[in-house]
Structures are given as C-alpha cells and as structure tokens.
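Architecture at a glance
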Amino acid sequence: MPEPQRDIYLLSPKALSPETIAVAFAKTSRSPDSFRDIAAALSDEKSAQFHERWVVGYGHASVAEHAVLHIAVENVSRLAIECLESNRLASYTEKSTRYQLWDLSHYYTPRVIAASPQAERYRQVMVQLFEGYRRSLAPVRELMQRQHPRRQGESEARWDGRIRSKYVDNCRFFLPAAALANVGMTANARVLESAIRKLLSHPLDEVREIGAEVKRVAQAEAPTLVKYAEAAPYQALMARELTAAAERLPSAGAPSAPVTLIDYDPAAEVNFLAACLYRYGSRSLEQCRAAVVEMTPGDKQALLDSALGGLGQYDVPLRELEHITYTFDAVMDQGGYFEIKRHRMMTQSPQRLTCDLGFAVPRSLELAGWRADYEAAMHAAAEAYQRLQADWPDEASYVVPNGFNRRVLLTLNLREAFHLCELRGASTAHFSVRRTAGQIYALIAEAHPALARYMRCRDNPAWPEIEAEYFAAVG
Ligand SMILES: Cc1cc2nc3c(=O)[nH]c(=O)nc-3n(C[C@H](O)[C@H](O)[C@H](O)COP(=O)(O)OP(=O)(O)OC[C@H]3O[C@@H](n4cnc5c(N)ncnc54)[C@H](O)[C@@H]3O)c2cc1C
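Since this is a predicted model, take the numbers as computed values, not measurements.

**So, the overall build of the chain**
Across its full length, the chain holds 20 helices and 9 strands. In terms of overall dimensions, the chain has a C-alpha envelope of 85 × 65 × 60 Å along the principal axes. The buried share among the 475 residues of the chain stands at 45%. Looking at the chain alone, contacts between residues at least 24 apart form 79% of all its contacts between residues at least 6 apart. With an accessible surface of roughly 24,100 Å², the chain has 51% of that area assigned to carbon and sulfur atoms. Averaged over its 55 positive side-chain charges, the chain has a centre that lies 2 Å from the centre of its 58 negative ones.

Structure, rendered in structure tokens:
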C-alpha cells in the first residue's frame, strides 16, 4: 500500500455554507473519507439534521466553532457596543474616536427616556456635548498646528492627517456613551449563540433589540446553530440580585490610586523559571521549583536571559508567562476604558458607567481655551445623569461622556501584560490608555523587576510624565 499523500486545502465559504463546513469537519471524527468527499455528500438540509442531533441534542457544541460569520452592525450606541464586544473569542473593528468625527445627530435616545418628561433634558445635554465636541475641534486643531508645524512640501491634507488624531484625541472626551458607531464582528456560531443569549438578557432595550437582529441575520447563514439562542433568565436575575447586594454595601470613598495592584504571586520569578524548566525538561514542578530556589542570582539571571532576552520586536514571548497573574483595581477615563476593554486575553469586570468618579480634563482643551466650556458640559452631563439614574439606572449611562472615570477589575497574566504595556504604552497610542498601561507596567516593575526588565516598554516615559503632559486634571 502506498503511503497516503499529505493534502492541505481550503473548504471555501464561497462554495459551502458555514454549517456545511462545520459538519464536514465534525464528521472526520468518525469517517475515514477525505473532507472533500464528506463535503460533497452533504446538503444544507443534511447539515441542519446533523447539527440538530449532535450540537443541539448531544451538546457537542465545539462543532459550531467551524461555522464562522461576519456581522456588520451599524449605528448602535457605544454603550451597546460594550455588550456586543464582551465576547472573548470573537473579533471586532469599530469606528475610531481617534480618526473619525461625529455629527450632531449621531446619538441614540432610549425609548423610555424619549417617552418621558426627561426627554428634553436628555436632548439638551446631547446637544451641549456634541456641540462642545464639534466646536472644540477647530481651536484644538489650531493648537496642534502650532505645536506640530507643517513640514516643507507637506500638503494641507497630509498635514491634517498627521495631526488629526492629536486634536481629535482631546475633543473625544466630550462624546457620550449614546454616540452611535459601526462595528464589524467576526465570530463562530458557538460564540454567537452565547453572544445572542447575553444580548437578549441585557437590561437595555437597545441591546436586546440588537440581540434579536443579530440572531435574525445569523440565522440566514447558520439556520440551526443559533436557532435556540434565547434570553437567559439566570443572567438577568443574577445581575439584579448582585446589584441589590452590592448597593447594600457602605457608600464608596474615592479610590486611593488610579491603579492598585491587589493580588500577585510574590514568588513569580521562581515560578516562571520553574515553569520554563518544566516545559523543556522532564522533572516535576516541585523539583523544578526546588532547583530554581537553589540557584545563584547569576544562574537565575542567565536562565531569564535564555527565556526572554532574545525577544525581537515582532516576537511573541513564551507561553510560560501565562502561569503568572496579576489583579488590578483600576480607574481610567471612559475613552481609555473603551480601548482597554478590547484586550480579550484578560478578565475584566467593569462597574456601571456613571458620573460618580469625576472626570479628566485634557491639557490641550485647557491650552486651547476650552476648559470652561468642557467643564460646563461635564457638569451638565453629571446633572442629567443624576436625574435620570433615579428612574433608569441603566439608561442613565447613555449621557456619560468619555471624560468620566470608570472603575474596572482586571486580572491578566504576564504574557498579556507584556502585550498590553507594549502596545498601549507606545507613543502612537492615545494618552489615556498610555497612562493606564504605564501604571500597570510600573506596578509590575515594582513587584517583579527581574521580569519587567524584559518588557519592551521600559524606556517609555513614566506614567506621571504622561499624566502631567496630557492632563490638566484626572478627576
Ligand atoms: C494603532 C492602533 C490602531 C487601532 N485602531 C482601531 C480602530 O480603528 N478600530 C478598532 O476597532 N480597533 C482599533 N485598534 C484596537 C485593535 O484592533 C485591538 O482590538 C486592540 O489593540 C486589542 O489588541 P489585541 O487584539 O492584540 O489584544 P488582545 O485581545 O489582548 O489579545 C492578545 C493577543 O492574543 C492574540 N489574539 C487574541 N485574540 C485573537 C484572535 N481572535 N485571533 C488571533 N489572535 C488573537 C493576539 O496575538 C493578540 O495580540 C487599534 C489598535 C492600535 C494599536
């Protein structure tokens, strides 16, 4: 018998539906046939029957991961996007607050507020925030033009392209969570099923409606795999009961520091090195740890250099860093949080978006002579928030601008910390997220200097410098 030949090819979504591709892959578990032959014998109807039996009936849910969908979501509020983007195993790209501008009418009004006596207050605060945003663009742009003059031979358009994010980065602090945006989402049917359940169980009408629409459009492409995604009473009940329990706690004081390192492993350096020896050797973890503890400082340093010293700009650090975790209690402005939330490899528990933790003031708004208008808009938003939250604690968050602070619990491993601090600490990142990344880096460097010296952000300006340069106040 000749040796079977290697064969690698695509099951193309141009030729096969997502559900058929998923079945073709699933059947290789029991069938000796090639994927090509399995797929050729399938129809949409047979695929649906397979999924009803195996995925829905027997709970072999991972099969649904082979059915991938691309969902275009337009004109949804940034508040709703938080729920949409809370699924770790999906991919997203959304309208950028750094590179695009918002029109005055581009905001969402929740139906309960539109039908209430508070409708006019809501409209007025939106007008104040969006007008503040639009009107501040020109003076902050002029400030940036003075700070970053046009280069010789540079066209007006190129110059504006070069400095645009620098002025938009400041003006975006005005934008409320009601601001509308577009987001493209790529997800497999297993993630989508769970995402739809989450969306349908959400307290906001807008989010539940988005859930119903996502389900409708996903069913056109994957009729069986998301068919049974329904609201989960557990999710809504659990959220209500935990909210009530949390509200019974004594009232909150101001946070002691913007980012606090709550939990970490004091023996992280030993444990990381032991994990490296474990991975590349044959000893038990206990033996590896004992060996590292016995090492001289020089031997430990040499081992760290072997593990991390050769990292080039595009290298991903080794997975053994994932055995080391950190928990941070962090406060950052909402604009910064909106970027941090995109880091899926960490666990995040954000608190509700409120006006309770004060707001940041970008230095450039002050330098451009816009601090008073900005603060007036923030106070108007806070007043509207207070009025609305008495009746609609969830919907009130729509009026909260990007400038207000948000508190979020972050648990991440050291590999993700390398990525986050390097990507978000870079000079091209927004200054809000640079500040938070810098705070996280500083706390890791204090706890574990020998590990942090390999993070490719150690030469960045320290976070207090970023704070002093870009913020007139942080709340
Ligand atoms: C310069 C710049 C401009 C940006 N502009 C925009 C923008 O206009 N709009 C926008 O929506 N976002 C924008 N982002 C955000 C960006 O798209 C990422 O969502 C964000 O930086 C999180 O990064 P991450 O996915 O690498 O991180 P994490 O989610 O923390 O993932 C960590 C690492 O895990 C791996 N990983 C995680 N998930 C996957 C996956 N599904 N597939 C493959 N590998 C995975 C990758 O190696 C990744 O680097 C921008 C980011 C930068 C740096």
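Let's pick the thread back up.
**Some details on helix 1 (residues 18–26)**
Most of helix 1 sits inside the fold, with 8 of its 9 residues counted as buried. All of the buried residues along helix 1 are P18, E19, T20, I21, A22, V23, A24 and A26. Where the residues of helix 1 are buried, they touch helix 2 (35–40), helix 3 (44–57), strand 1 (68–77) and helix 9 (205–221).

**Quick look at unusual backbone geometry**
Here the phi dihedral of N75 falls at roughly 55 degrees; this positive angle occurs in a residue that is not glycine. Along the chain, N75 turns up in strand 1.

**Regarding the site of the ligand**
Lining the immediate environment of the ligand, one finds S91, T93, E94, S96, R342, H343, R344, M345, E416, H419, L423 and R424. Within the side chain of E416, one N or O atom sits 2.5 Å away from an oxygen atom of the ligand. Contact between the ligand and R424: an oxygen atom at 3.2 Å from a side-chain N or O atom of the residue. In isolation the ligand has 930 Å² of accessible area, and contact with the protein removes 57% of it.

**Observations regarding the domain arrangement of the chain**
Where interface size is given, it is often the accessible area lost as the parts come together that is meant. For the chain, the assigned domains are domain 1 (1–66), domain 2 (70–97 + 176–245), domain 3 (117–174 + 362–400) and domain 4 (260–351 + 406–473). A straight line from the C-alpha centre of domain 1 to that of domain 4 covers 40 Å.

**So, the packing of aromatic side chains**
For any two aromatic rings, the description comes down to two numbers: the centre-to-centre distance and the angle of the planes. One pass over the full model with this rule turns up 13 aromatic pairs. Between the aromatic rings of F25 and F35, the centroid separation amounts to 5.2 Å while the plane-to-plane angle is 75 degrees, which identifies the pairing as edge-to-face. Here F25 is found in helix 1, whereas its partner F35 is found in helix 2, with 10 residues between them in sequence. Given a relative accessible area of 28%, F25 falls into the partly exposed group. The interplanar angle of 20 degrees and the centroid separation of 6.2 Å between the aromatic rings of Y326 and F328 together place this pair among those described as stacked. The exposure class assigned to Y326 is buried, which follows from its relative accessible area of 0%. Taken together, F173, F431, Y470 and F471 form an aromatic cluster joined through their ring pairs. In this structure, R36 packs its charged tip against the face of Y9, placed 3.8 Å from the ring centre. When the ring centre of Y454 is taken as reference, the NZ or CZ atom of R453 above it lies at 5.0 Å.

**Examining helix 8 (residues 189–200)**
With 12 residues, helix 8 should cover 16 Å at 1.5 Å per step; its first-to-last C-alpha distance of 16 Å lies within 8% of that length. Those residues of helix 8 lying buried are A189, V191, L192, A195, I196, L199 and L200. The arc enclosing the buried residues of helix 8, seen along the axis, measures out at 160 degrees, which places them on a common side. Two to three positions downstream of the cap, the backbone nitrogen of R190 sits 3.0 Å from a side-chain oxygen, assigning the N-cap of helix 8 to N188.

**Observations concerning the side chain of T97**
With respect to the element layout, T97 can be found in the loop between strand 2 (91–94) and helix 5 (111–114). In terms of polar contacts, T97 uses its side chain to reach the side chain of R172, at 3.0 Å. Not counting the four nearest positions on each side in its chain, T97 is found in contact with R78, W102, V168, R172, L175 and N402.

**As for the pattern of salt bridges**
Within this structure, the stated rule accounts for 29 salt bridges. Ionic pairing is found between R36 and D7, a salt bridge with its closest N-O pair at 3.2 Å. Taken together, the positions of R36 in helix 2 and D7 in the segment before helix 1 put the pair 29 residues apart, joining distant regions of the chain. Note on R36: relative accessible area 43%, which makes it partly exposed. Its relative accessible area of 48% is what places D7 among the partly exposed residues. In this structure, E94 engages R342 in a salt bridge whose closest nitrogen and oxygen atoms are separated by 3.4 Å. Taken together, the residues E94 in strand 2 and R342 in the loop between helix 14 (334–340) and strand 6 (347–350) connect sequence positions 248 residues apart.

**Here we look at a nonpolar patch on the surface**
Nonpolar side chains collect at one region of the surface, where Y234, M238 and L242 lie side by side and expose about 330 Å² of accessible area between them. The topology assignment puts Y234 in helix 10 (residues 233–247). For Y234, a relative accessible area of 60% puts it in the exposed group.

**Section: the side chain of E395**
Within the secondary structure layout, E395 lies in the loop between helix 16 (371–391) and strand 8 (405–413). There is no salt bridge for the buried E395, and the closest opposite charge comes from R208, which lies 6.6 Å off by N-O distance. Ignoring anything within four residues of it in the chain, the contact list for E395 reads P110, V112, I113, P203 and L204.

**Section: the nonpolar core**
Nonpolar side chains in soluble globular proteins tend to end up buried together. Y122, Y133, M185, L192, Y374 and M378 are the most contacted members of the largest nonpolar core, which has 98 residues in total. Looking at this core element by element, the count peaks at 10 residues for helix 6 (residues 119–147). Those residues in contact with Y122, other than ones at most four positions away along the chain, are Y107, Y108, T109, P110, I113, A178, L388, Y398 and V399. Core analysis: the second largest hydrophobic core is formed by 42 residues, V270, F272, C421 and Y441 among them.

**Examining the sheet that holds strand 3 (residues 180–188)**
The 3 strands lie next to each other as 1-3-2, forming an open sheet whose pairing is antiparallel. The sheet is open, and its two edges are formed by strand 1 and strand 2, each paired on a single side. The average angle at which neighbouring strand axes cross in this sheet is 15 degrees, direction not considered. Summarising the sheet, strand 1 and strand 3 pair through 8 bridges and their orientation is antiparallel. Across the sheet, residue A72 finds its bridge partner in strand 3, namely G184. Contacting strand 1 and strand 3, helix 8 crosses the sheet at an angle of about 135 degrees to strand 3.

Reading guide: rules and limits
Residues numbered from 1 in each chain as written. Predicted model: local features only at pLDDT ≥ 70, side-chain atom pairs only at ≥ 80, totals over all residues. Heavy atoms only, no water. Helix = DSSP H or I, 4+ residues; strand = E, 2+ residues; numbered from the N terminus. Buried < 20%, exposed > 50% of the residue type's maximum accessible area, 1.4 Å probe, protein only. Contact = heavy atoms within 4.5 Å. Areas by Shrake-Rupley, 256 points an atom, 1.4 Å probe, with all protein chains shown as cover. Lys, Arg positive; Asp, Glu negative; His and termini not counted. Charge placed at Lys NZ, Arg CZ, Asp CG, Glu CD. Near = heavy atom within 4 Å. Polar contact = N/O pair within 3.5 Å; in protein donor to acceptor, adjacent residues only side chain to side chain. Domains from an automatic or database assignment. Phe/Tyr/Trp six-rings, centres within 6.5 Å; stacked < 30°, edge-to-face > 60°. Lys NZ or Arg CZ within 6 Å of the ring centre and 35° of its normal. Expected span 1.5 Å × (residues − 1). Arc of directions from axis to C-beta. Salt bridge = Lys/Arg side-chain N within 4 Å of Asp/Glu carboxyl O. Patch = residues over 30% accessible without salt bridge, like charges linked within 9 Å, V, L, I, M, F, W, Y side chains within 5 Å. Core = buried A, V, L, I, M, F, W, Y, C linked by side-chain atoms within 4.5 Å. Pairing = 2+ DSSP bridges. Axes fitted to C-alpha atoms, helices over the stretch in contact; angles between N-to-C directions.

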